[in-house]
Amino acid sequence: MRYPQTLMLPFALAGAIACAADPPTAPPAAPPAPAAPPADTLPAPAPAAPEAGAAPAAPKRTVDLDDIRAFTAVYSLVKQAYVEDVDDHRLMQAAIRGLLAGLDPHSEYLDEEQIRDLTEDTSGSYHGLGIEVLQVEGTLRVVSPIDGTPAERAGIKAGDTILRIDGKPVQSDDLDGAIDKLRGPLGSSITLNILHERQSVPVDITLKRDVIRVASAGGRLLEPGYAYLRVSQFQDETGSQLRRRIERLAADNKGALRGAVLDLRSNPGGLLNGAVEISDLFLDDGVIVSTRGRLKEAEMSFRATPGDVLAGAPLVVLVDNGTASAAEIVAGALKDNHRALLMGRRTFGKGSVQTVLPLDAARAVKLTTARYYTPGGTSIQAAGIEPDIALADLALSLRDADPSPIIGERDLRNHLRGPGDESGAVETPSAAHRDLQQDYALNEALNALKALALRGRPVQRG
């Protein structure tokens, strides 16, 4: 499985920290050459005798000489006896990665490519073609083109197979390399050899790379007055995207919304500021989240500002075991402040915060620097958040037999006409209605939302 995304703290540490929430416009300057190792990295010399009456100094932490000997011994054995010759740079890079990997699943060493990928993930934009692809049985298959992108405009469709990239065949043993080739400098051209679904002859399509912006928040009306809001991850613009969507839905509804379902299922997280902004949309007051770490800079608390985008209308939040990190901050903030009813399954339980610490212009360390706590003072690390109403992992299915042809008065022959009765008219289910038929959790959430709207007051708990 993939781990939840990085949750980053916007504070300064050791003079320089770059958060993906605010990427630098120019590469950070390389740090100065390191000074001689500090005294506490090696066994300290015997301390001088303290003056009479002076309190004894606290002993300095030292690296055990046995650990140093063990490391150098293993290093030497690998250099001498490993089946292939390994250069020193590769061994040191592996040692650094191993040091961080041994701390927790979310601390890691980042090279230039990984820093770029992290920035793209959190900014929601990159230079490319706008194709979501999947590796299927040794082939590169298009999942879907993103609306308004070069791929969509060129006629690439879901189910198409990419056979060649700039004349070179896509190799089944190097699909990752093929995916990397789809991205490139802004304005550069690329030619894809595409086999459209249900076609036997491939075609060449030349595209020009553009800025691809991936929306992380969206929504639609389920029924008049009731909105479905979806946040897939937390990026720089997620808060503003969701606010604009809610305003648009209220305009389409021609009036204030009576309630909304916020879907955070399978949301792996993202940026801390994105989680704070989304929580603040629905809260008038109260703590959203607090963070605590060993350093003073890690002690932070975020509060809501006045203004509820739903004006107090009921809110139901859907969560599951894929709801993680920043998504859990939102779920915890809305639950502890009695603003929303949580439905679904227990969340993932990633309650730690990571900060990106640059080493130089091309390398950085992503390090866990704090734990976060819900407004109630609870750490959800490894525990997750329990929903108010637990839902089993079920799926709705269509009935085996067609319903009875007579389901009401209007189905009887020669029935008296009633108001709005158009004999012979067939009601076509909307896309939202079809979603409700297929999504058990969403269907239950809408039912609960309607019950809360009928009560006409916010969620209350004993």
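Quick notes on the rules
- Residues numbered from 1 in each chain as written.
- Predicted model: local features only at pLDDT ≥ 70, side-chain atom pairs only at ≥ 80, totals over all residues.
- Heavy atoms only, no water.
- Helix = DSSP H or I, 4+ residues; strand = E, 2+ residues; numbered from the N terminus.
- Expected span 1.5 Å × (residues − 1).
- Buried < 20%, exposed > 50% of the residue type's maximum accessible area, 1.4 Å probe, protein only.
- Contact = heavy atoms within 4.5 Å.
- pLDDT = per-residue confidence, 0-100.
- Axes fitted to C-alpha atoms, helices over the stretch in contact; angles between N-to-C directions.
- Parallel < 35°, antiparallel > 145°, perpendicular 65-115°, else oblique.

1. A word on helix 10 (residues 440–455)
Here's step 1: Taking 1.5 Å per residue as the helical rise, helix 10 with its 16 residues ought to reach 22 Å, and the 23 Å between its terminal C-alpha atoms agrees with that figure.
Here's step 2: Burial in helix 10 covers these residues: Tyr440, Ala441, Leu442, Ala445, Leu446, Ala448, Leu449, Leu452 and Ala453.
Here's step 3: Following helix 10 by one or two positions, Gly456 adopts a phi angle in the positive range, close to 75°.

2. Quick look at the side chain of Thr323
Here's step 1: When you line up the elements, Thr323 lands in the loop between strand 15 (315–319) and helix 8 (326–336).
Here's step 2: The class of Thr323 is buried, set by a relative accessible area of 0%.
Here's step 3: Residues within four places of Thr323 in sequence aside, it is in contact with Leu264, Arg265, Ser266, Asn267, Glu328, Thr347 and Phe348.

3. Describing unusual backbone geometry
Here's step 1: Backbone geometry at Ser266 places phi at a positive 55°, although glycine is not the residue there.
Here's step 2: Within the secondary structure layout, Ser266 lies in the loop between strand 12 (259–263) and helix 7 (272–282).
Here's step 3: Phi at His338 takes a positive value of approximately 55°, unusual for a residue other than glycine.
Here's step 4: Looking at the secondary structure, you find His338 in the loop between helix 8 and strand 16 (341–344).
Here's step 5: Looking at His338, the relative accessible area reads 38%, which means it is partly exposed.

4. Re the confidence of the model for the protein chain
Here's step 1: In this model, the protein chain carries an average pLDDT of 83, and 80% of its residues clear a pLDDT of 70 or more.
Here's step 2: Note on residues 10–51: pLDDT is under 50 here. Beyond four places in sequence and across chains, it has 50 contacts.

5. Quick look at the packing of helix 6 (residues 238–253) against helix 7
Here's step 1: For the pair helix 6 and helix 7, the least separation of the axes is 8 Å and the interaxial angle reads 30°. With respect to each other, helix 6 and helix 7 are oriented roughly parallel. Residues Thr238, Gly239, Leu242, Arg243 and Ile246 of helix 6 form the contact with helix 7, whose own contacting residues are Glu277, Ile278, Leu281 and Phe282.

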